[in-house]
Amino acid sequence: MPSIEDELMFPSTPGKFKIDRSNRQLNRCFASTSTMFLWALFLIALTASYLSFQSFVDSGSRYLTASWGGIQWEKQVRTSAQIHRSGGISVLVTGATGFVGSHVSLALRKRGDGVVGLDNFNNYYDPSLKRARMSLLSSRGIFVVEGDLNDGKLLSKLFDVVAFTHVMHLAAQAGVRYALENPQSYVHSNIAGLVNLLETCKAANPQPAVVWASSSSVYGLNEKVPFSESDRTDQPASLYAATKKAGEEITHTYNHIYGLAITGLRFFTVYGPWGRPDMAYFSFTRNILQGKPITIYRGKNRVDLARDFTFIDDIVKGCLGSLDSSGKSTGSGGKKRGAAPYRIFNLGNTSPVTVPILVDILEKHLKVKAKRNFVEMPGNGDVPFTHANISSARKEFGYKPTTDLETGLKKFVRWYLSYYGYNTKAKLVQ
């Protein structure tokens, strides 16, 4: 039986050629080399085919397992965005696993609105708290997309999948003092992220109405009280405040040029269950229970700092009232068709309380005395007092806060002890 070499080098019918014995070895060498070359080509082709197939599989795998995208992902987004009441709205909530974002998302879902969340789960504070909030949202049928505001492709995809009627923009880099450590994060989230979101909203068809979180910090060094929306806000005392003030100017521009209906909300010291661990009332509670001293800042001449503490449920009512009265954007495909509403409201409690009194209330509910350490307020961006005039919000959509600090802190302490596993006996010794 002829070998492969013979089949390739010689005709199958014998006697047609006279073989030169002296060249037989050389011919065999060439035959062997040619065969090896063909085998090499075959192996290369096989390898290339495998790698090409593997690349296809890997690409498909990445597509299917990515944090966003794919058929199943789109189905989850659409399902979460479905409206379940007459006259309801479909809302994209950014910062959905944050403190205010999670509460607003739950309230929207409870009344039958469609809700899709977006959050990047950054580590400004313990992400496990955000994950716990996300679990709570998931249990209510709210889908949270993990992604960043600066991902333009993601935002465009979300609006391709769902025609959101409203955007509740609560994602931001929060905190006054942290800006001294990481100023870039404030520009990234509060300015670049905001612009990217507005770019997506202006291009959407139909355009959504936008409600977003500004801050009482924009009043900065303003000494007129109570703070009113018409007061000057050109003296920020922190980078955080400056980025929020920049956000107000940026949103006004998008309203003016592109016809986006925009409402900015200046929150005043929001507190309550599921709050932010970097806030004073939260860290005070933790340190009091652990027997650690707490630092209480004082202003000039030993004047106690005061804040217009606003309970989360009241803030939520203000957010929903703003969404319901937001009006409609007038642009289409990035082109303005007419004037659209542009509004700014204070959301506060209108009853400032000094920080030492806040500590008194915490001591009462925790049944533990605090170890107080009074320190003069450093120049880190904090202001000595805040006090909201809420007459505009009351007139526009009936905003009326109903929770005083005593009641609100009682609810917070009950949540804190439950969430962190304290019981009546344990909380006195931990």
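These notes cover the structure that comes with them. Owing to the predicted nature of the structure, the values given are computational and were not obtained by experimental measurement. (Residues numbered from 1 in each chain as written. Predicted model: local features only at pLDDT ≥ 70, side-chain atom pairs only at ≥ 80, totals over all residues. Heavy atoms only, no water.)

## A word on the side chain of His166
Mapped onto the secondary structure, His166 falls in strand E4 (residues 166-169). Within the structure, the side chain of His166 is placed 3.3 Å from the backbone oxygen of Leu323, a separation counted as a polar contact. Beyond its immediate sequence surroundings of up to four residues, His166 is in contact with Ile89, Ser90, Val91, Leu92, Pro208, Ala209, Leu323 and Ser326. (Helix = DSSP H or I, 4+ residues; strand = E, 2+ residues; numbered from the N terminus. Polar contact = N/O pair within 3.5 Å; in protein donor to acceptor, adjacent residues only side chain to side chain. Contact = heavy atoms within 4.5 Å.)

## Let's talk about the sheet that holds strand E1 (residues 90-94)
The sheet built from seven strands is open, its strands ordered E3-E2-E1-E4-E5-E6-E11 with parallel pairing. Only two strands of the sheet have a single partner each, and these edge strands are strand E3 (143-146) and strand E11 (342-347). Neighbour-to-neighbour, the strand axes of this sheet turn through a mean angle of 20°, independent of strand direction. Here five bridges tie E1 to strand E2 (residues 114-119), and the two strands are oriented parallel to one another. Counted as the bridge partner of Leu92 is Val116 from E2. Strands in contact with helix H10 (residues 312-324) are E4, strand E5 (209-213), strand E6 (262-267) and E11; relative to E6, the strand with the most contacts, it is inclined by about 170°. (Pairing = 2+ DSSP bridges. Axes fitted to C-alpha atoms, helices over the stretch in contact; angles between N-to-C directions.)

## A word on the packing of helix H9 (residues 280-289) against helix H11 (residues 355-366)
H11 packs onto H9 with a crossing angle of 45° between their chain directions and a minimal axis gap of 11 Å. As the angle between them shows, H9 and H11 are arranged oblique. The two elements H9 and H11 cross, and the hand of that crossing is right-handed. Where H9 approaches H11, its residues Tyr281, Phe284, Thr285, Ile288 and Leu289 are matched on the opposing element by Val355, Leu358, Val359, Leu362 and Leu366. Its residues placed into classes, the contact of H9 with H11 shows nine nonpolar, one polar and no charged. (Parallel < 35°, antiparallel > 145°, perpendicular 65-115°, else oblique. Left-handed = near helix turned anticlockwise from the far one by under 90°. Nonpolar A, V, L, I, M, F, W, Y, C, P; charged D, E, K, R; others polar.)

## A short note on the packing of aromatic side chains
Evaluation of the coordinates by the stated rule reveals 30 aromatic pairs. An angle of 35° between the planes, with centres 6.0 Å apart, marks the rings of Phe227 and Phe385 as tilted. Taken together, the residues span a long stretch of sequence, with Phe227 in the loop between E5 and helix H8 (239-258) and Phe385 in the loop between strand E13 (371-376) and helix H12 (391-397) at a distance of 158 residues. With a relative accessible area of 27%, Phe385 lands in the partly exposed category. (Phe/Tyr/Trp six-rings, centres within 6.5 Å; stacked < 30°, edge-to-face > 60°. Buried < 20%, exposed > 50% of the residue type's maximum accessible area, 1.4 Å probe, protein only.)

## Considering the pairing of E2
Burial of E2 is extensive: six of the six residues sit out of reach of the surface. Of the two faces of E2, the one lined by Gly114, Val116 and Leu118 and the one lined by Val115, Gly117 and Asp119 are each fully buried. You can see the chain leave E1, run along helix H4 (residues 99-110) and come back into E2, and the turn it takes is right-handed. Where E2 meets E3, four bridges bridge the pair, whose relative direction is parallel. Bridge pairing links Val116 to Phe143 in E3. Between E2 and its parallel partner E3, the chain crosses via helix H5 (residues 127-139), and the hand of that crossover is right-handed. (Right-handed = clockwise from strand over helix to strand, strands pointing away.)

## Regarding the pattern of salt bridges
Within the structure shown, the criterion is met by 20 salt bridges. Residue Asp278 is joined to Arg276 by a salt bridge in which the shortest nitrogen-to-oxygen separation is 2.7 Å. The salt bridge partner of Arg298 is Asp304, with a shortest N-O separation of 3.1 Å. Residue Arg298 is classed as buried on the basis of its relative accessible area of 17%. When salt bridges with common partners are traced through the structure, they connect Arg85, Arg111, Asp113 and Asp324 into a single cluster. (Salt bridge = Lys/Arg side-chain N within 4 Å of Asp/Glu carboxyl O.)

## Observations concerning helix H3 (residues 71-81)
Within an α-helix, residues lying three or four positions from one another point in the same direction, as the helix has 3.6 residues per turn. By the burial criterion, the buried members of H3 are Trp73, Glu74, Val77, Ser80 and Ala81. Projection of H3 onto a plane perpendicular to its axis shows the buried side chains occupying an angular sector of 130°, all on one side. The exposed residues of H3 that point more than 90 degrees off its buried face are Ile71, Gln72 and Lys75. Contacts from the buried residues of H3 go to E1, H4, E2, E3 and helix H6 (152-161). (Arc of directions from axis to C-beta.)

## Some details on the nonpolar core
Among the nonpolar cores identified, the biggest contains 71 residues, and Val100, Val104, Met168, Phe267, Tyr281 and Leu358 are the most heavily contacted of them. Ranked by the residues each element gives to this core, the list is headed by helix H13 (residues 405-419), at seven residues. Not counting residues up to four positions away in its chain, the partners in contact with Met168 are Val91, Leu92, Val93, Thr94, Val104, Val211, Leu265, Cys319 and Leu323. Counting 30 residues, the second-largest nonpolar core is a separate cluster that includes Trp73, Ala81, Cys201 and Ile250. (Core = buried A, V, L, I, M, F, W, Y, C linked by side-chain atoms within 4.5 Å.)

## Let's talk about a positive patch on the surface
A contiguous patch of positive charge on the surface is contributed by Lys367, Lys410, Lys411 and Arg414. For Lys410, the position within the fold is in helix H13. (Patch = residues over 30% accessible without salt bridge, like charges linked within 9 Å, V, L, I, M, F, W, Y side chains within 5 Å. Areas by Shrake-Rupley, 256 points an atom, 1.4 Å probe, with all protein chains shown as cover. Lys, Arg positive; Asp, Glu negative; His and termini not counted. Charge placed at Lys NZ, Arg CZ, Asp CG, Glu CD.)

## Description of the packing of H9 against H13
The interhelical angle for the contact between H9 and H13, taken along N-to-C directions, is 55°, at an axis separation of 11 Å. Accordingly, the angle class assigned to the pair H9 and H13 is oblique. Here H9 runs over H13; the crossing is right-handed. Counting all contacts with H9, which are made through Tyr281, Phe282, Thr285, Arg286 and Leu289, the residues of H13 involved are Leu409, Phe412, Trp415, Tyr416 and Leu417.

## Some remarks on the environment of Ala388
Residue position: Ala388 is located in the loop between E13 and H12. Residue class for Ala388 comes out buried when judged on its relative accessible area of 3%. Each C-alpha atom of the pair Ala388 and Val225 lies 7.9 Å from the other, and the pair is 163 residues apart in sequence. Leaving out residues up to four positions away in the same chain, Ala388 has contacts with Pro226, Phe227, Phe268, Asp308, Asn346, Gly348 and Thr350.

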